[in-house]
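Read off the chains here:
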Amino acid sequence: MVESPMDRAAAAIDAMESENLKVTVTAVRSRAGVSMETARSAVESWRTQRSHPVVAVTEAAQQAFVRLWAVAVAEADARHTAQLEAAQAALETARAEVLEAGALVDAEAQRVQNEAERADAAEARIASLEAEIRSLREAETSERAAAQDAVKAAQAETGRAREEVAELRGRLAVLSEQATRYWDNALPAKQPEKRDKPKPQQ
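Below: a short report on this structure.

## Side note on the overall build of the chain
Here comes step 1: A tally of helices and strands in the chain yields 4 helices and 0 strands.
Here comes step 2: Secondary structure elements of the chain occur, N-terminal to C-terminal, as α-α-α-α.
Here comes step 3: When burial is assessed residue by residue, the chain has 7% of its 202 residues classed as buried.
Here comes step 4: Partitioning the contacts of the chain with sequence separation of at least 6, the portion at a separation of at least 24 is 36%.
Here comes step 5: Roughly 17,800 Å² of accessible area belongs to the chain as shown, and the carbon and sulfur atoms make up 57% of that amount.

## Quick word on helix 3 (residues 36-51)
Here comes step 1: The first and last C-alpha atoms of helix 3 sit 22 Å apart over 16 residues, in line with the 22 Å expected at 1.5 Å per residue.
Here comes step 2: Listing the buried residues of helix 3 in full gives Thr38, Ala39, Ala42, Val43 and Trp46. Projected onto a plane normal to the axis of helix 3, the buried residues spread over an arc of 130° and lie on a single side.
Here comes step 3: Packed against the buried residues of helix 3 are helix 1 (5-18) and helix 2 (25-32).

## Considering the pattern of salt bridges
Here comes step 1: Counted according to the given criterion, the structure contains 8 salt bridges.
Here comes step 2: Residue Arg118 is joined to Glu115 by a salt bridge in which the shortest nitrogen-to-oxygen separation is 3.5 Å. Of this pair, Arg118 and Glu115 both sit in helix 4 (residues 59-186), 3 residues apart, which is roughly one turn of the helix.
Here comes step 3: Given the relative accessible area of 37%, Glu115 is considered partly exposed.
Here comes step 4: Two residues, Glu177 and Arg181, come together in a salt bridge whose shortest N-O distance is 2.9 Å. Placement of both Glu177 and Arg181 in helix 4 is noted, with a separation of 4 residues, approximately one turn of the helix.

## Details of the nonpolar core
Here comes step 1: Formed by 13 residues in total, the largest nonpolar core has its most connected members in Ala9, Ile13, Val23, Val28, Val34, Ala39 and Val43.
Here comes step 2: Setting aside its immediate chain neighbours within four residues, Val23 contacts Ile13, Met16, Glu17, Val28, Val43, Trp46 and Arg47.

## Focus: a nonpolar patch on the surface
Here comes step 1: Together, Phe65, Val66, Trp69 and Val73 give the surface a local cluster of nonpolar side chains, amounting to about 430 Å² of exposed area.
Here comes step 2: Considering the arrangement of structural elements, one finds Val66 in helix 4.

How each quantity is defined
- Residues numbered from 1 in each chain as written.
- Predicted model: local features only at pLDDT ≥ 70, side-chain atom pairs only at ≥ 80, totals over all residues.
- Heavy atoms only, no water.
- Helix = DSSP H or I, 4+ residues; strand = E, 2+ residues; numbered from the N terminus.
- Buried < 20%, exposed > 50% of the residue type's maximum accessible area, 1.4 Å probe, protein only.
- Contact = heavy atoms within 4.5 Å.
- Areas by Shrake-Rupley, 256 points an atom, 1.4 Å probe, with all protein chains shown as cover.
- Expected span 1.5 Å × (residues − 1).
- Arc of directions from axis to C-beta.
- Salt bridge = Lys/Arg side-chain N within 4 Å of Asp/Glu carboxyl O.
- Core = buried A, V, L, I, M, F, W, Y, C linked by side-chain atoms within 4.5 Å.
- Patch = residues over 30% accessible without salt bridge, like charges linked within 9 Å, V, L, I, M, F, W, Y side chains within 5 Å.

Here it is in structure tokens:
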């Protein structure tokens, strides 16, 4: 099995300890034939282990630690499960609220759109009615003007007819008077009426 540079450095440190030699980075590098960086890492690791010595743990302590660890893991799993379930319930509630809010927003948007369409239709109807009213007023004004012109023309025609009637009546009176004088002059004087002879009786 090929040893790594760290393994060679660690073996060199163990040998120097057993020989009661001072462990330094330079000495480890020279003895193990490794780089300065590897020797420094190995010496730092050795010093850390010396400052925190490994304490022997009994089997009973290990079993107790395993039991405590299992209980802690179970409790942590239970807490995690409860928290996960609570988070899922909160998430479902939030989703339901979001869906409800979305439905309300959609309904409100639809209502606003419907109101806008109704407003547009009402404005179009108002514009149509206003145009119709203007047209009727213009037609009424035109008809009124035409009626006034017709009345004036009828009045003028009536006046002319009355004048013609008066003139004709005057002529008729003159002609009647002339005819009366003519017949008075043309007819002989009235003779006394002869009495009828009595008819013989049969």
